[in-house]
Amino acid sequence: MVRILGFGNTKIGFNCKKWVFHTVNGVIVMSAFLFLVLALGLGYSYLFPGVQPVIQENEIQNSTNSTSECNFFDGKWVYDESVYPLYNSSECPFAERGFNCLANGRKGKDYLKWRWKPKDCDILRFNVDAILENLRGKRVVFVGDSLGRTQWESMICLLITGVMDKRSAYEVNGNKITKQIRHLAVWFSSFDLRVEFYRSVFLVQPSSVPKRAPKRIKSTLELDKLDDISKEWIDSDILVFNTGHWWTPTKLFDMGRYFQVGGKMRLGMSLNNGYRTALATWASWVENKVNTNRTHVFFRTFEPSHWSGRNRLTCKVTRWPLTKSQGRERSPFSDIIMKVVKNITVPVTVMHVTPMGAYRSDAHVGTWSDNPLVPDCSHWCLPGVPDTWNEILFSHLI
């Protein structure tokens, strides 16, 4: 039997038995294809468990919550190829070669594509023109260790993407960006904006050995005195602090550096108590010296490293972020920071970056630095995790 199906004036004829046969075959083929796709998908998920779903949206909607209502630091990393990375380090004249992992031979680019997504809100999408206008005429100061310098470099590289004439942004003293220089300042002349970094790894005052001190003492930290360059930090609009990575036995006691309070040595004081005392000194300084009606003060918590092995000397940079934090989401130093800031009498914003960094074993410098013989699982590649810190900081400002 032949049936005729009419579409307008067109007639199509076919044999019903053949139609049924081909239809059944088509269903079988389609089912087999779908089964194959499902099997491949499950196999990929098994082989690469750290991979998160790709975020397909090309635009992140602004959160309706205010920054005071949003906990930017409770969230997860999602893979997002639509926006990231936000700049190219090789095109940023202020990015240290040691943090430019791609230029130093890293092949995979997956580590550049991760976006931090807070649980109950969104970080404002990076808008360099709006941020530069917001910062026009202001002075931004970072104070801390090399992790603070990385955030400073990240901010400059983010901001310079919005500057038409790159020559209008320059280091005020003509210095090359290196870890040896204690003060670095980049001037964005078109916006009357200064973004500065002061190297103060302990925040408190390094000092000499007191008289009649034991021979093992080579230098001291005066925990009750803030760094003597602190007077240069005061006249700022945005002030960002960090300290922690130098508070270790190898960089203190093993080098003969011990604590001093009130002019007296405190040889039995632990690292955590020394850190707590130093933070109390910092808090008193902020309360008494900084005009918080003008200056927005931030303190960034401790940034997790991903050293492994028996003596934590092994550095293995992964392709994907970890699926579990492996205990790195907590830090005694971060706990001290949050407790000190909670008791401070003036406004200070804590940037609690410890949990978000705990998963990013994929984002460290590793052997892709300017000294590949010395692996690095403490510092971050640029672009990378410090860009997220700055995106959150910008969300607080705009």
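Going by the structure above, here's the rest.
Only a predicted model underlies this, so the values are computations on that prediction, with no experimental measurement involved. (Residues numbered from 1 in each chain as written. Predicted model: local features only at pLDDT ≥ 70, side-chain atom pairs only at ≥ 80, totals over all residues. Heavy atoms only, no water.)

## Observations regarding the side chain of Asn100
What counts, and what does not: A run of DSSP states H or I qualifies as a helix once it reaches four residues; a run of E qualifies as a strand once it reaches two. Both are numbered from the N-terminal end. Residues adjacent in sequence count toward polar contacts only when both atoms are side-chain atoms; beyond that, a polar contact is any pair of N or O atoms within 3.5 Å, and within protein one must be able to donate a hydrogen and the other to accept it. Any two residues whose heavy atoms approach within 4.5 Å are treated as being in contact.
Tracing the sequence through the fold places Asn100 in the loop between β3 (75-79) and β4 (114-118). Side-chain polar atoms of Asn100 contact the side chain of Ser90, separated by 3.2 Å. Excluding residues within four positions of it along the chain, Asn100 makes contact with Ser89, Ser90, Trp368 and Leu382.

## What to know about the packing of helix α4 (residues 271-289) against helix α5 (residues 332-342)
What counts, and what does not: Structural elements are reduced to axes, namely lines fitted to C-alpha atoms, with helices fitted over the stretch in contact, and the angle between N-to-C directions of any two is expressed from 0 to 180 degrees. Each angle is binned into one of four classes, with values under 35 degrees roughly parallel, values over 145 roughly antiparallel, values of 65 to 115 roughly perpendicular, and all other values oblique. Helix crossings fall into two classes, left-handed where the near helix is turned counterclockwise from the far one by less than a right angle and right-handed where it is turned clockwise. We call Asp, Glu, Lys and Arg charged. Ala, Val, Leu, Ile, Met, Phe, Trp, Tyr, Cys and Pro are nonpolar, and the rest, Gly among them, are polar.
For the pair α4 and α5, interaxial distance at closest approach is 10 Å and the crossing angle is 30 degrees. Judged by the inter-axis angle, α4 sits roughly parallel to α5. Between α4 and α5 lies a crossing whose hand is right-handed. Across the interface between the two elements, Asn272, Tyr275, Arg276, Leu279, Trp282 and Ala283 from α4 touch Pro332, Phe333, Ile336, Ile337, Val340 and Val341 from α5. Broken down by class, the residue content of the contact of α4 with α5 amounts to 10 nonpolar, 1 polar and 1 charged.

## A short note on the sheet that holds strand β13 (residues 264-265)
For the record, the criterion: Strands were regarded as paired on the criterion that DSSP finds at least two bridges between them.
Across the sheet, which stays open at both edges, the 4 strands sit in the order β9-β10-β12-β13 with mixed pairing between neighbours. Two strands bound the open sheet, and with one partner strand each, they are β9 (204-207) and β13. Where strand β10 (residues 219-226) meets strand β12 (residues 257-261), 4 bridges bridge the pair, whose relative direction is parallel. Looking at the pairing, Glu222 lines up with Gln260 of β12. Taken strand by strand, α4 contacts β9, β10 and β12, and its axis lies near 40 degrees from that of β10.

That is the geometry; function is a separate question.
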